[in-house]
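As a plain string of letters, each chain reads:
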Amino acid sequence: DTGVSQDPRHKITKRGQNVTFRCDPISEHNRLYWYRQTLGQGPEFLTYFQNEAQLEKSRLLSDRFSAERPKGSFSTLEIQRTEQGDSAMYLCASSFRDSGEPGNQPQHFGDGTRLSIL
Amino acid sequence: QKEVEQDPGPLSVPEGAIVSLNCTYSNSAFQYFMWYRQYSRKGPELLMYTYSSGNKEDGRFTAQVDKSSKYISLFIRDSQPSDSATYLCAMSRHNTDKLIFGTGTRLQVFP
C-alpha cells in the first residue's frame, strides 16, 4: 500500500497525559497536512509542511500542540496535557507541489488516528 | 456563518437513483473545489478535483462549479449501495493549500 499511513489508528489516554501521532505521507509528496475532525463535522485544518518547513498554523493549534517534520519525510503531532475537548479524529494528508507548477494540488488522506480522552 | 455550508442529510435513495449533493460558500476567493467520500472510521477519499467554474465527469460522477452563484454540486448516476457514505465538499484559495470543508452529507443507497 503506497497511500498515507497513520499510526496508531486509535489512542485512548487519560486527561492530562501527552500523546504523539505519526504520519507517513505518500513517498514522493513534499507537502504534508494535519487536520482534526469531530463527529458530524468536516475536517478542520491544523497545520502544513513543505518538506521540513512548517508554513502555516491554524489558531486551533494551541500551545499544547506541536508538529514536526524533521527530515521532510514523516511527521509527528504531539498534544501535551490532553483535555476532553481534544477527543477527535486526527487526519494527515499529503500532496506534491512542483515549485514551477501553478495552482494547488489535490490532497490525499490517511485513515486517521482516533483519540479518546478518558 | 460558516464559509462552506452543506446539508448534513441523511439522504436516503433507492439503488439506481441519481443523487445530487450540493454546497454553497461565501468566500469568492475560493478557486479549487473538491469532493471527498468518507466511509465510517476511514479517511476522506478524493473523488473529484476541479479548478474554477465548469463541469467535470468521471465515470458515474459529475462535478459542477458555478462561481457566480457560489454553488458546487456532485451528481452520482446509477447509485449503488456501495456509494453509501458521507460526502464532503472542500475548497481552497489560490494562495494557500488549506482546505475548508463542509460538514458532509450522509448518503444511504438502499437495494
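Treat the numbers as computed from the prediction; the structure is a model and nothing was measured.

S.K.: Can you walk me through the overall build of chain B in this structure?
M.R.: The helix and strand tally for chain B stands at zero helices and eleven strands. Starting at the N terminus and walking to the C terminus, you meet the elements of chain B as β-β-β-β-β-β-β-β-β-β-β. What you see for chain B is a C-alpha radius of gyration of 13 Å, in line with the 13 Å of a compact globule of 111 residues. On the principal axes, the C-alpha backbone points of chain B span a range of 45 × 25 × 20 Å. Within chain B, contacts between residues separated by at least 24 positions form 55% of all contacts whose residues are at least 6 apart in sequence.

S.K.: Which parts of the structure should I look at to understand the packing of aromatic side chains?
M.R.: The relative placement of two aromatic rings is captured by the distance of their centres and the angle of their planes. Tallying each qualifying case throughout the model produces 13 aromatic pairs over all chains. When the ring of F21 of chain A is compared with that of Y90 of chain A, the centres are 5.3 Å apart and the planes differ by 40°; the resulting orientation is tilted. Note that F21 of chain A is positioned in strand β3 (residues 19-24) and Y90 of chain A in strand β9 (residues 88-95), a separation of 69 residues in sequence. Pair check on accessibility: F21 of chain A and Y90 of chain A agree, each one buried. Both rings, one in F109 of chain A and one in F101 of chain B, keep their centres 6.0 Å apart while their planes meet at 75°; by these two values the pair is edge-to-face. A residue pair is termed interchain when its members come from two chains, as with F109 of chain A in strand β10 (residues 108-109) and F101 of chain B in strand β10 (residues 100-101). The rings of Y33, Y35, F45, Y48 and F109 of chain A together with Y36 and F101 of chain B are connected pair by pair, giving a single aromatic cluster. Lying across the ring of F74 of chain A, R22 of chain A places its NZ or CZ 3.9 Å from the centre.

S.K.: Honestly, the sheet that holds strand β7 (residues 65-68) of chain A in this entry has me stumped. Any pointers?
M.R.: Strand pairing in a sheet relies on backbone hydrogen bonds. The paired strands run either parallel or antiparallel. Residue and element names in this part refer to chain A. Taken together, four strands build an open sheet; the order of strands is β1-β3-β8-β7 and the sheet is antiparallel. A single partner strand is all that each edge strand has here, and the edge strands are β1 (5-7) and β7. Neighbouring strand axes in the sheet, compared pairwise and without regard to direction, differ in orientation by 15° on average. Two elements, β7 and strand β8 (residues 75-79), share four bridges in a ladder whose sense is antiparallel. Counted as the bridge partner of S66 is E78 from β8.

S.K.: Would you explain the environment of E52 of chain A in this entry?
M.R.: Residues and elements named next belong to chain A. Among the structural elements, E52 can be located in the loop between β5 (44-50) and β6 (53-57). Each C-alpha atom, one on E52 and one on N30, is 8.7 Å from the other, the two residues being 22 residues apart in sequence. Once residues within four sequence positions are removed from consideration, E52 is found in contact with R69, P70 and G72.

About the criteria used
- Residues numbered from 1 in each chain as written.
- Chains lettered and ligands numbered in written order.
- Predicted model: local features only at pLDDT ≥ 70, side-chain atom pairs only at ≥ 80, totals over all residues.
- Heavy atoms only, no water.
- Helix = DSSP H or I, 4+ residues; strand = E, 2+ residues; numbered from the N terminus.
- Rg over C-alpha atoms; globule rule 2.2 N^0.38 Å.
- Contact = heavy atoms within 4.5 Å.
- Phe/Tyr/Trp six-rings, centres within 6.5 Å; stacked < 30°, edge-to-face > 60°.
- Buried < 20%, exposed > 50% of the residue type's maximum accessible area, 1.4 Å probe, protein only.
- Lys NZ or Arg CZ within 6 Å of the ring centre and 35° of its normal.
- Pairing = 2+ DSSP bridges.
- Axes fitted to C-alpha atoms, helices over the stretch in contact; angles between N-to-C directions.

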